[in-house]
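# Descriptive analysis of the structure
What follows is each chain in one-letter form.
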Amino acid sequence: MKRRSLLLGGIAGTLGLGAWLRPRDLGQNHSPYFVSLSAALDDDSQSVPTLVVDRPRLQANIDTLLSHLNGRFDYRIVAKSLPSLPLLETVMRAAGSNRLMLFHQPFINQVAAALPAADILLGKPMPVAAAHNLYRQLQPGDFAPARQLHWLLDTPERLTAYGDLADSLDQHMQICIELDVGLHRGGVNSDETLVRMLALIQASPHLHFTGLMGYEPHIVKMPVGDPLQYRDRAVARYRHYLAIARGYLGETWPADVILNAGGSPTYQLYDHGDFPFNELAAGSCLVQPTDFDISTLADHVPACFIATPVLKALDTLKIPGIDLGRLQSAWNPNRARTFFTYGGDWKAAPESPKGLIYNALFGRSTNQEMLNGSRSISLQADDWVFLRPHQSEFVFLQFGDIAVYDDGNIVDYWSVFPGATA
Ligand SMILES: Cc1ncc(COP(=O)(O)O)c(C=O)c1O
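Since we're looking at a predicted model, the values are computed, not measured. (Residues numbered from 1 in each chain as written. Predicted model: local features only at pLDDT ≥ 70, side-chain atom pairs only at ≥ 80, totals over all residues.)

## Concerning the pairing of strand β5 (residues 149-153)
Rule in force here: To sort residues by burial, count the other C-beta atoms lying within 10 Å of each one's C-beta; a count of 20 or more means buried, 12 or fewer means exposed, and anything in between means partly exposed. C-beta atoms are built from the backbone. Note on conventions: DSSP H or I runs of at least 4 residues are helices, E runs of at least 2 residues are strands, and numbering of each starts at the N terminus. Strands are labelled as partners when DSSP assigns at least two bridges between them. A crossover counts as right-handed when, viewed with the strands pointing away from the observer, the path leading from the first strand over the helix to the second turns clockwise.
Of all five residues in β5, five are buried; the element is thus mostly enclosed. The two faces of β5 match: Leu149, Trp151 and Leu153 on one face and His150 and Leu152 on the other face are all buried. Pairing of strand β4 (residues 119-122) with β5 involves two bridges; the strand directions are parallel. Looking at β5, one finds that Ile120 is bridged to Leu149. Across four bridges, the pairing between β5 and strand β6 (residues 173-178) is parallel. Looking at β6, one finds that Leu152 is bridged to Cys176. Tracing the backbone out of β5, into helix α8 (residues 156-169) and back to the parallel element β6 gives a crossover that is right-handed.

## Here's the deal with the packing of helix α3 (residues 55-69) against helix α4 (residues 85-95)
When two helices pack together, you describe them by how their axes are tilted relative to each other and by the distance separating the axes. Definition in use: Interaxial angles span 0 to 180 degrees and are taken between N-to-C directions of axes, which are lines fitted to C-alpha atoms, for helices over the stretch in contact. Angles below 35 degrees are treated as roughly parallel, those above 145 as roughly antiparallel, those between 65 and 115 as roughly perpendicular, and all remaining angles as oblique. In a left-handed crossing the near helix is turned counterclockwise from the far helix by less than a right angle, and in a right-handed crossing that turn is clockwise. We call two residues in contact when the distance between their C-beta atoms, placed using the backbone, is within 7 Å. Throughout this entry, Asp, Glu, Lys and Arg are counted as charged residues, while Ala, Val, Leu, Ile, Met, Phe, Trp, Tyr, Cys and Pro are counted as nonpolar. The remaining residues, Gly among them, count as polar.
Viewed as axis vectors pointing N to C, α3 and α4 meet at an angle of 45 degrees, and their least axial separation amounts to 10 Å. Regarding the angle of α3 to α4, the classification is oblique. The chirality of how α3 crosses α4 is right-handed. Of α4, the residues touching α3 (which contributes Gln59, Ile62 and Leu66) are Val91, Ala94 and Ala95. In terms of residue class, the contact of α3 with α4 is built from five nonpolar, one polar and no charged.

## Structural notes on the domain arrangement of the chain
Heads up, the rule is: In this document the domain limits rely on a domain assignment from an automatic tool or a database.
Assigned domains within the chain: domain 1 (25-49 + 303-414) and domain 2 (55-287). Between domain 1 and domain 2, the C-alpha centre-to-centre distance is 38 Å. Every contact between the two is made by 13 residues of domain 1 and, on the other side, 15 residues of domain 2. Residues that form the side of domain 1 that touches domain 2 fall into these classes: eight nonpolar, two polar and three charged.

## So, unusual backbone geometry
Cis geometry marks the peptide bond from Ser352 to Pro353, where omega comes out at 0 degrees. Residue position: Pro353 is located in the loop between β12 (348-352) and β13 (357-358). Positive phi, normally seen in glycine, also occurs at His184, with a value near 60 degrees. Residue position: His184 is located in the loop between β6 and α9 (191-203). Located in the positive-phi region is Asp345, a residue other than glycine, with phi close to 55 degrees. Within the secondary structure, Asp345 sits in the loop between β11 (337-342) and β12.

## Thoughts on the packing of α8 against α9
The N-to-C vectors of α8 and α9 enclose an angle of 10 degrees; their axes lie 9 Å apart at closest approach. Judged on the interaxial angle alone, α9 and α8 are roughly parallel. Within the contact between the two elements, α8 uses Pro156, Leu159, Thr160 and Gly163 and α9 uses Thr193, Arg196, Met197, Leu200 and Ile201. Considering only residue class, the contact of α8 with α9 consists of five nonpolar, three polar and one charged.

## As for the site of the ligand
Threshold: Defining nearness, a residue is near a molecule or strand when the C-beta atom obtained from its backbone falls within 6 Å of it.
Neighbouring the ligand are the residues Val78, Ser81, Met101, Gly123, Tyr215, Gly263, Ser264, Ala281, Ala282, Gly283, Ser284 and Cys285. When its residues are assigned to classes, the shell around the ligand shows six nonpolar, six polar and no charged.

## Some words on the pairing of strand β14 (residues 368-373)
With five of six residues buried, β14 is to be regarded as a mostly interior element. Here β13 runs beside β14; their pairing, made up of two bridges, is antiparallel. The partner of Ile357 across the bridge, within β14, is Asn372.

The following block contains the structure:
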């Protein structure tokens, strides 16, 4: 072959490869669902970034969860992932459960005051000073902490400190022991520690053993291996510690013992088989943020969105300084247009219109966020952009009251827990 045709062939090949590598136009206007949601927000005079929960979708996720539990386990609602009292009340009613898992002392005080029938299990061990503050701030009412509050404790040292606090306050306390069943985020990891803790509880006039908790989200996160193998290993550890505790406590084993496990990513792994727990915890899967788009939650539907107004819609992309915007949009049709949204830089992914992308060259902004999209997107100023939160526990607290969407209308607003730690 002649050198010239080799060269031409090379150029044509490069161009062909370039055309093949060039991103496709992924832009699409809002689907009918998001057209209706936009209209509902406009009808309600919404004008600022808003967290929306779709109530029928929330209900569908509750039904899905209950159909998996199928009455074989009690359901404990993970409040940190649903950080709003009216949202929690809605889930408690729909799921027929008064069991909550909480992770933040001030929220426990609020729940005790507002939902006095709740049965509260802590999701993490707290400094003993937080426990002291909780009792100090507890308002007189129907909530009986000696029966309805279960502290989660992880070490003999913390147990001793709680025992001292209980004695000084003359306050009976229910104690649940945190097990390490493979996550290695603390908790009891030896028979000897477990027995020491049980002995301390038995010796205390104010502490009472209420159960065990072994959280195991790692079993679906391992890069290699079968999740069911990891599940079985976690279950075997749980069973082992349970047998020790039962054997040690004998006659004093509580009739209404709490044997807690699970979380959104894992709860469906207990659909079939025999397991040592009597309750499973989950929260996030009821609103289904993007971090939970995993195969074990394939039948859950997204039920929460961030809605934010478009402030500016431009038909070009310009980057300050050496303007690489034209180059970016020439290469990628999904960078032909530019939108600036009201607020931004949330832990969230653009959802609708389809094909919106962030621009790393321009950067992120909590004030006016740049999004790029193709010419197939006919978004204009004052239209709405929708994002899906990556997780709910922190993102839900960033917008004020949650707008509740139901069949074409904003039907309610739900207050969120004040403060930023779920
Ligand atoms: C102890 C414990 N149980 C359960 C969960 C599950 O929560 P979710 O269902 O929201 O993932 C968590 C989440 O962090 C947890 O820490």
